Amino acid sequence: MKLLLILMLVFVGICMPSCKTTQSSADTDNPSLKVSDNHRYLTFADGKAFYYLGDTAWELFHRLSREEADMYLEDRAAKGFTVIQAVVLAELEGLTVPNAYGHLPLKDNDPTQPNEDYFTHVDYIVNKAESLGMFIGMLPTWGDKFNIRWGKGPEVFTPENARVYGEFLGKRYKNKPIIWILGGDRNPENDTHLAIVRSMAEGLEVGDGGAHLKTYHPQGASNSAEWFHGDEWLDFNMFQSGHGAVNIANYEMNLANYARTPVKPTLDGEPRYEDHPINWKPAEGWFDEGDVRQAAWWGALSGSCGHTYGDHNIWQMWQEGRSPISAARTPWQQAIHHPGSAQVGFMKMFLEEKSWYKLVPSPELIPTDTTSGGRKIVAAMAEDRSIALIYTPYGFPVEVDKTIWGDATFKAIWFDPRTSDRTEIAPEVLVSGLFDPPGEPGRASDWVLAIEKQ
């Protein structure tokens, strides 16, 4: 008996690393997500609010080795990102140029014949993200594989094989921290395109048993709600404010989605990228961290359930030796340190501290505000009026209607979105209701005013 016990212990010691069973997502550090009871935001299975802070790493599966993926994912986890948006059938010749290990995703470009070697690499990255506490916002395909309005293609999807492919993915990642993102920078333009998207969504649903949330990533200046808001499979709306100009008012599309029925969460899934040429023209300048913060805070205080950051060099994983898309100029290994990626993490940290999920858009807080364009001030307040947040992109003074609180006492601070520093506001300022942030006003001199009832 003693010898048998020793042999059993030896077997367990040998087997534990390689015989670990796959846990359901509800049993891991990344439990599954659902839509909140009021349909305004996302939560974990236990009801705890989940802030969707995404990064667009479209070419992650296709272009990075495992060691490179580790470096990228560890950086993003350290900065507070919760979702990494990546594409299985990638945009940049994803069907014809192999991944870092020489593998293509499909046999004969047939979506019903996935290549196990390619998907083993995808598995590795999904598991690494899971170990770091992040979800993969997985795009089954880039949109040029069903609508080649531009890009490399080829178009390989039909409604029939889209369903088969979706079911394959759903089964494979059923127990992993995944959010399904259909589309891939394309709008459906005919009944066939709509049928392909809906069939793929149906396949995913069958494959994972409805374990994961689903949304749709459209092309620039477009909104998933235009085609799919009434579809049951669409759990939350995603729009792309895009890269065509400075000061794109993404808060307007958030507010439009916020007002739709049935109520569904909403977020900007692709705003202007850091280090991207404005309107794709370097002569017009480049988006910087100030543009990143403006889009992020406008989104955060206009009813969104989260926000997606992007860097022009990172989505394509550009480095020396690769053809740059749209004048990419910074190797991705350096671009991961651009300041905007840390500053959206500061935003998430502050919003979570202030129970962001209670906030509703509240322009009535600043009734005399006349700012417009890039200077537009936005405000949000908890329904119980326990806290209000106001963002002033150019650092202009904010006049707040204090009568909203009646006789209640309150405190206030200025939050610096560049550094996460805080400045307490003097009692006499609280009495006046006119809040003037530190420093001089100007582009990227932005501040967040937080007012809390005592």
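Everything quoted here is computed from the prediction, not taken from an experiment.

What counts, and at which threshold
Residues numbered from 1 in each chain as written. Predicted model: local features only at pLDDT ≥ 70, side-chain atom pairs only at ≥ 80, totals over all residues. Heavy atoms only, no water. Helix = DSSP H or I, 4+ residues; strand = E, 2+ residues; numbered from the N terminus. Rg over C-alpha atoms; globule rule 2.2 N^0.38 Å. Buried < 20%, exposed > 50% of the residue type's maximum accessible area, 1.4 Å probe, protein only. Contact = heavy atoms within 4.5 Å. Areas by Shrake-Rupley, 256 points an atom, 1.4 Å probe, with all protein chains shown as cover. Lys, Arg positive; Asp, Glu negative; His and termini not counted. Charge placed at Lys NZ, Arg CZ, Asp CG, Glu CD. Axes fitted to C-alpha atoms, helices over the stretch in contact; angles between N-to-C directions. Parallel < 35°, antiparallel > 145°, perpendicular 65-115°, else oblique. Left-handed = near helix turned anticlockwise from the far one by under 90°. Nonpolar A, V, L, I, M, F, W, Y, C, P; charged D, E, K, R; others polar. Salt bridge = Lys/Arg side-chain N within 4 Å of Asp/Glu carboxyl O. Pairing = 2+ DSSP bridges. Phe/Tyr/Trp six-rings, centres within 6.5 Å; stacked < 30°, edge-to-face > 60°. Lys NZ or Arg CZ within 6 Å of the ring centre and 35° of its normal. Polar contact = N/O pair within 3.5 Å; in protein donor to acceptor, adjacent residues only side chain to side chain.

K.L.:
With reference to specific residues and values, describe the overall build of the protein chain.
P.N.:
Within the protein chain, the regular secondary structure consists of 13 helices and 22 strands. Rg of the C-alpha trace for the protein chain: 23 Å, near the compact-globule value of 22 Å for 454 residues, within the 12% margin. Projecting the C-alpha coordinates of the protein chain onto the three principal axes gives extents of approximately 75 × 65 × 45 Å. Looking at the 454 residues of the protein chain, the share that counts as buried comes to 57%. Within the protein chain, contacts between residues at least 6 apart in sequence are counted, and of these 71% link residues at least 24 apart. Entry remark: accessible area of the protein chain is about 18,400 Å², with carbon and sulfur atoms responsible for 52%. Where the 41 positive side-chain charges of the protein chain centre and where its 61 negative ones centre are 3 Å apart.

K.L.:
Quick rundown of the packing of helix α3 (residues 66-78) against helix α4 (residues 116-131)? Include the residues and the values.
P.N.:
Remark: α3 packs on α4, axes separated minimally by 10 Å, with the N-to-C direction vectors making an angle of 25°. Here α3 lies roughly parallel to α4, going by the angle between them. Read as a crossing pair, α3 and α4 show a hand that is right-handed. In this structure, α3 uses Arg66, Ala69, Asp70, Leu73 and Glu74 to contact α4, whose residues at the interface are Thr120, His121, Tyr124, Ile125, Lys128 and Ala129. Of the residues that constitute the contact of α3 with α4, the class distribution is 5 nonpolar, 2 polar and 4 charged.

K.L.:
Which residues make up the packing of helix α5 (residues 159-172) against helix α6 (residues 191-208), and what values do they have?
P.N.:
Closest axis-to-axis distance for the α5/α6 pair is 6 Å, and the angle between their directions is 30°. Relative to α6, the element α5 is oriented roughly parallel. Seen from above, α5 lies across α6 with right-handed handedness. Residues Pro159, Ala162, Arg163, Tyr165, Gly166, Glu167, Leu169, Gly170 and Lys171 of α5 form the contact with α6, whose participating residues are Thr192, Ala195, Ile196, Ser199, Met200, Glu202, Gly203, Leu204, Val206, Gly207 and Asp208. In terms of residue class, the contact of α5 with α6 is made up of 9 nonpolar, 6 polar and 5 charged.

K.L.:
Please provide a residue-by-residue account of the pattern of salt bridges, values included.
P.N.:
In this structure the tally under the stated criterion is 26 salt bridges. A salt bridge links Arg172 to Asp123; the nearest nitrogen and oxygen atoms lie 2.7 Å apart. With Arg172 in helix α5 and Asp123 in helix α4, the pair connects residues that are 49 residues apart, well separated along the chain. The class for Arg172 is partly exposed, based on a relative accessible area of 24%.

K.L.:
I'd like to hear about the sheet that holds strand β22 (residues 447-453), residue by residue, with values.
P.N.:
Taken in spatial order, the 6 strands of this open sheet run β15-β16-β17-β22-β19-β20, and their pairing is antiparallel. Both outer strands of the open sheet, β15 (359-361) and β20 (422-424), are each paired with one neighbouring strand and no more. Adjacent strand axes in the sheet meet at a mean angle of 25°, parallel and antiparallel pairs treated alike.

K.L.:
Describe the packing of aromatic side chains, listing the residues and the values that go with them.
P.N.:
How two aromatic rings sit relative to each other is given by the distance of their centres and the angle of their planes. Evaluation of the coordinates by the stated rule reveals 23 aromatic pairs. Taking the centre distance of 6.4 Å and the plane angle of 5° together, the rings of Tyr394 and Phe396 count as stacked. A relative accessible area of 16% means that Tyr394 is categorised as buried. Judged by its relative accessible area of 24%, Phe396 falls in the partly exposed class. Among the aromatic residues, those joined into a ring-pair cluster are Tyr41, Tyr51, Trp356 and Tyr357. Cation over ring: Arg40 sits above Tyr258, and NZ or CZ is 3.6 Å from the ring centre. Directly above the ring of Tyr101 sits Arg66, whose terminal nitrogen or CZ lies 5.7 Å from the centroid.

K.L.:
So, the environment of Trp405: which residues are in play, and what are the values?
P.N.:
Mapped onto the fold, Trp405 is located in the loop between β18 (398-399) and β19 (410-415). By relative accessible area, which is 6% here, Trp405 ends up buried. Considering only alpha carbons, one finds Trp405 and Arg385, 20 residues apart in sequence, at a separation of 7.2 Å. From its side chain, Trp405 meets the backbone oxygen of Arg385 in a polar contact 3.0 Å long.

K.L.:
Residues and numbers for the side chain of Gln219, please.
P.N.:
Checked against the element boundaries, Gln219 lands in the loop between β10 (214-217) and β11 (222-223). Reaching out from Gln219, the side chain makes a polar contact with the backbone nitrogen of Asn187 at a distance of 3.1 Å. When residues no more than four places from it in sequence are discounted, the contact partners of Gln219 are Trp150, Asp185, Arg186, Asn187 and Gln240.

Don't take any of this as a statement about function, it's just geometry.
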